[in-house]
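# Overview (structure and organization)
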Amino acid sequence: METIGATVILALLAAVMFSAFNSMIAGQVRQRQRLACAEVANRLILQYLDDPDTMPPPSYPVEYEGERFRWELERTPVERVWANPEFIQENAGPTNVSVTDDRLEHVGVRVWLAEESGGSYVFDALVPHASMGRLIDPLGMRNPDTIEHIFGTPGSARYQRFMEEIARFSNSGGGSRRERAPARSPGGAAGGERPK
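None of these values were measured; they are calculated from a predicted model.

### Considerations on unusual backbone geometry
- For Glu-65, which is not glycine, the phi torsion reads 55° and is therefore positive.
- Locating Glu-65 in the fold gives a position in the loop between β1 (62-64) and β2 (67-77).
- Glu-65 sits in the exposed class, given a relative accessible area of 56%.

### Topic: the side chain of Glu-105
- Turning to its location among the elements, Glu-105 is positioned in strand β3 (residues 105-113).
- A distance of 3.3 Å separates the side chain of Glu-105 from the side chain of Arg-75, its partner in a polar contact.

### Focus on the packing of aromatic side chains
- Taken as a whole, this structure holds 1 aromatic pair when the rule is applied.
- When the ring of Trp-112 is compared with that of Phe-123, the centres are 5.7 Å apart and the planes differ by 75°; the resulting orientation is edge-to-face. Of the two residues, Trp-112 sits in strand β3 while Phe-123 sits in the loop between β3 and β4 (129-136), which places them 11 residues apart along the sequence.

### Structural notes on the pattern of salt bridges
- Taken as a whole and judged by the stated rule, the model has 7 salt bridges.
- Glu-67 is the partner of Arg-32 in a salt bridge, and the nearest nitrogen-oxygen pair spans 3.5 Å. Remark: Glu-67 occurs in strand β2 and Arg-32 occurs in helix α1 (residues 2-50); sequence separation between them is 35 residues.
- Overall, the relative accessible area of 12% leaves Glu-67 in the buried class.
- Three or more residues are tied together by salt bridges with common partners; here these are Glu-63, Arg-68 and Glu-116.

### Focus on a nonpolar patch on the surface
- On the surface, a cluster of nonpolar side chains totalling about 490 Å² of accessible area is made up of Met-1, Ile-4, Val-8 and Leu-12.
- A residue is classified by how much of its surface remains accessible, and Ile-4, at 56% relative accessible area, is exposed.

### Observations regarding the confidence of the model for the protein chain
- Confidence along the protein chain averages 76 in pLDDT terms, with 71% of residues attaining 70 or more.
- Of the regions scoring below 50 in pLDDT, residues 173-183 engages in 31 contacts with residues more than four places distant in sequence or in other chains.

### Comments concerning the pairing of β3
- Among the 9 residues in β3, 7 count as buried, and that is most of the element.
- As judged from the 9 bridges shared by β2 and β3, these two strands associate in the antiparallel manner. Following the sheet pairing, Phe-69 is matched in β3 by Leu-113.
- Here β3 runs beside β4; their pairing, made up of 8 bridges, is antiparallel. Following the sheet pairing, His-106 is matched in β4 by Leu-135.

The rules we used
- Residues numbered from 1 in each chain as written.
- Predicted model: local features only at pLDDT ≥ 70, side-chain atom pairs only at ≥ 80, totals over all residues.
- Heavy atoms only, no water.
- Helix = DSSP H or I, 4+ residues; strand = E, 2+ residues; numbered from the N terminus.
- Buried < 20%, exposed > 50% of the residue type's maximum accessible area, 1.4 Å probe, protein only.
- Polar contact = N/O pair within 3.5 Å; in protein donor to acceptor, adjacent residues only side chain to side chain.
- Phe/Tyr/Trp six-rings, centres within 6.5 Å; stacked < 30°, edge-to-face > 60°.
- Salt bridge = Lys/Arg side-chain N within 4 Å of Asp/Glu carboxyl O.
- Patch = residues over 30% accessible without salt bridge, like charges linked within 9 Å, V, L, I, M, F, W, Y side chains within 5 Å.
- Areas by Shrake-Rupley, 256 points an atom, 1.4 Å probe, with all protein chains shown as cover.
- pLDDT = per-residue confidence, 0-100.
- Contact = heavy atoms within 4.5 Å.
- Pairing = 2+ DSSP bridges.

Okay, structure coming up:
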């Protein structure tokens, strides 16, 4: 009886330890997948800032570290509220596009584990995911590479879009708000492309 009792106790302890070990491994895998989601979101935002035209197709999952991730991007206009609007109006010139206009926008990216890697086709808060956002200025130039990319090819779509943005804000005289609906790019069907 003592031997049987000791065997049962030992089996129970082994089962508890094995369950705890499996839980630790699963938690570690989930944390690694969440970190990968954050890395993919960061790369997508940087790629969007460099050139929106080079973004992977919205319907394609992004492959990273042997796993696939779905993603969606949303652009939302940002309206600045000035503490002293009278001062701004009195001191703003007719073409002062750098101070008085509302051209800033918030770019948000949400990334989650794709169904092919054990996640889901549409966003589900229960699967590993990460969200990241950044305020951007359409007329801003992040670094020398961006400047070279815009002005190095004057006939490119990126150059034309940049010049249209300048003309739009210059002609508005500053202070006028652009009418833009939020743009959303949901992740979708199979394929794969890794962001730069």
